[in-house]
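The chain contents come next:
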Amino acid sequence: MDLDRLLTARGISRREFIKLLTATAVTLGLSASHVPAMAEAIEKSVTKTPVVWLKGQLCTGCTCSSISSLDPGPEEIILDLLSFRYNPTIMAAAGHVAQMALDETVKAGGYVLIVEGSFPTADDRFVMSGGKPMREKLLETAANALVVIPVGACASFGGIPAAGPTGAVGVGALVKDMPIINLPGCPVNPRWLYGTVMHYLMYQDLPELDAYNRPKMFYGKLLHDNCPRRGRFERGEFLTDWNSDEQQDWCLLLMGCKGPKTYTDCPQGLWNDGVNFCINAGSPCSGCTQPEFYAPGFGDTRVGFAPLYEKQNSFALPGIGGIDAPKVGKAMAGVAAAGVGIHLVARTVSGSKNKREGDGV
Ligand code: SF4
Ligand code: SF4
C-alpha cells in the first residue's frame, strides 16, 4: 500500500499529515525544515520492515534511552533506520488513530515487535490498553510478528516491578513459540537495541544468543573480567568509605557491586555514546542485565540482587567458591602475591588505558 492510500484508509488528508509531521518535528526538537525529509522518509518507510513498540509496566526509561542516542541520532533512528508504526510515547497520533495504525500493522504482519515494560499476573487491571488487559494485547501483537525483542530489565525478566505486588513477569513468561531476543538493562543501551535490530534486518536471522536469549555480542562477557577496578580486587583493596580520597578507585564489591555475576559489555562499549559507565562514574554495578535484577528472589533456586547497594553475602566466584567478600579479598590478594594474577593485572592496565583513550573525558 502506498502512503496516499494508507492515509486515506486512516481518514487523514495530506494537509493533516504535514501538520502531524510538523508537530512530530517539534516534539523531537527538530526544525520545520526537516518536514519534507520526514515526509519522504515516511513514504519510503511504508515499504520498509515495520516496527511496533508496545509498553507494559514501565518508567519509559528505555524509550528515553533509545532516542537519546547521538550516533545514530533520533531523526536517523525514526526516519532512516526504522519504520516505527506504533510507539505511544513518540508517535504524533493518539487515541483511536494510534490504535488503527497498530491494528493495521498487526493485520498485515511481518513486523519487528519491540516490548518495553513488564506484565502483571496478579490482576490484569494493573495495565489495560483500549479496554483490554495489556497481556492480551501483547499476545495478539506477538502472534503476527517476525521477531519479539523485549528491551530493558522489565520486559526481559520482570525487572523492578517484579519486586512489587503486581506479580510482574517478562515477555518470555507469556509469549511462547516465537523467536525472542532479550535486551535487558536498566535502561536498554541504544547500541544493544539498534545493533540487534539491524543485525536481524540485515541477516533475517537471530544473532547468537546465550541461555537467557541475550545476544552474545553484547552480553557475552563477565563485567568483572573487564572491570577497570579489577586490579584493586586482585589486591584486596575494597572501598569501604565513600569519602576517602585514597579509596576512590578501589573495588566496589563491599558497596554492593554485582559485577562478578553480571554479563555485559558496559566497560568496553560504554554508555552515552562512549562517554562512561556506572563503575567509572563511581557506582557499583547493580547487575541490571541479569535476571536476578532487582527481585529479592528469582525463581526457587537463585538469590536476587536486592538490595542494590549492599554486598552480596556470598558470591560463588569461579575458582574460589562461595565465600564472603572480605575472604574473597584476602584469598585473591594471596593469589596475586603468588604471581598467578599477573595476567589479570596486565589486562586491567590495558583495559584502563583503552578507557582513557576512548572515553573523551
Ligand atoms: S567487584 Fe565490581 S568493582 Fe570490583 S572488580 Fe568486580 S566488577 Fe569491578
Ligand atoms: S555497569 Fe552494571 S548496572 Fe551499570 S549499566 Fe552496566 S550492567 Fe547495568
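Everything numeric here is computed off the predicted structure, so don't read it as measured data.

Asks: What is the right way to read the packing of aromatic side chains from this model?
Replies: Applying the stated criterion to the full structure yields five aromatic pairs. Pairing Phe157 with Tyr212 gives two aromatic rings, centres 5.9 Å apart and planes at 75°, and the pair type is edge-to-face. Placement of Phe157 in helix α8 (residues 152–157) and of Tyr212 in the loop between α9 (190–203) and α10 (216–219) is noted, with a sequence separation of 55 residues between them. Judged by its relative accessible area of 26%, Tyr212 falls in the partly exposed class. For the pair Phe233 and Phe238, a centre-to-centre distance of 5.8 Å together with 85° between the ring planes defines the contact as edge-to-face. Here Phe233 matches Phe238 in class, with each residue buried. Every member of this aromatic cluster is reached through a ring pair, and the members are Trp192, Tyr219 and Trp271.

Asks: I'm lost on the side chain of Thr63 in this one. Help?
Replies: Mapping Thr63 onto the fold places it in helix α4 (residues 61–67). Under the relative-accessibility criterion, Thr63 is labelled buried at 2%. If near-sequence neighbours (up to four positions away) are discounted, Thr63 is found in contact with Trp53, Lys55, Asn87, Thr89, Ile90 and Glu116.

Asks: Quick question: what am I supposed to make of the sheet that holds strand β3 (residues 111–116) here?
Replies: Sheet strands associate in pairs through backbone hydrogen bonding, adopting either a parallel or an antiparallel arrangement. Taken in spatial order, the four strands of this open sheet run β2-β1-β3-β6, and their pairing is parallel. Each edge of the open sheet is held by one strand with a lone partner, namely β2 (83–86) and β6 (145–151). When the angles between neighbouring strand axes are averaged without regard to direction, this sheet yields 30°. The pairing of β3 with β6 spans six bridges and is classified as parallel. Residue Glu116 lies in a different strand from β6, and its bridge partner there is Val151. The strands touched by α9 within the sheet are β1 (50–55), β3 and β6, with β6 carrying the most contacts at an inclination of about 165°.

What counts as what
Residues numbered from 1 in each chain as written. Chains lettered and ligands numbered in written order. Predicted model: local features only at pLDDT ≥ 70, side-chain atom pairs only at ≥ 80, totals over all residues. Heavy atoms only, no water. Phe/Tyr/Trp six-rings, centres within 6.5 Å; stacked < 30°, edge-to-face > 60°. Helix = DSSP H or I, 4+ residues; strand = E, 2+ residues; numbered from the N terminus. Buried < 20%, exposed > 50% of the residue type's maximum accessible area, 1.4 Å probe, protein only. Contact = heavy atoms within 4.5 Å. Pairing = 2+ DSSP bridges. Axes fitted to C-alpha atoms, helices over the stretch in contact; angles between N-to-C directions.

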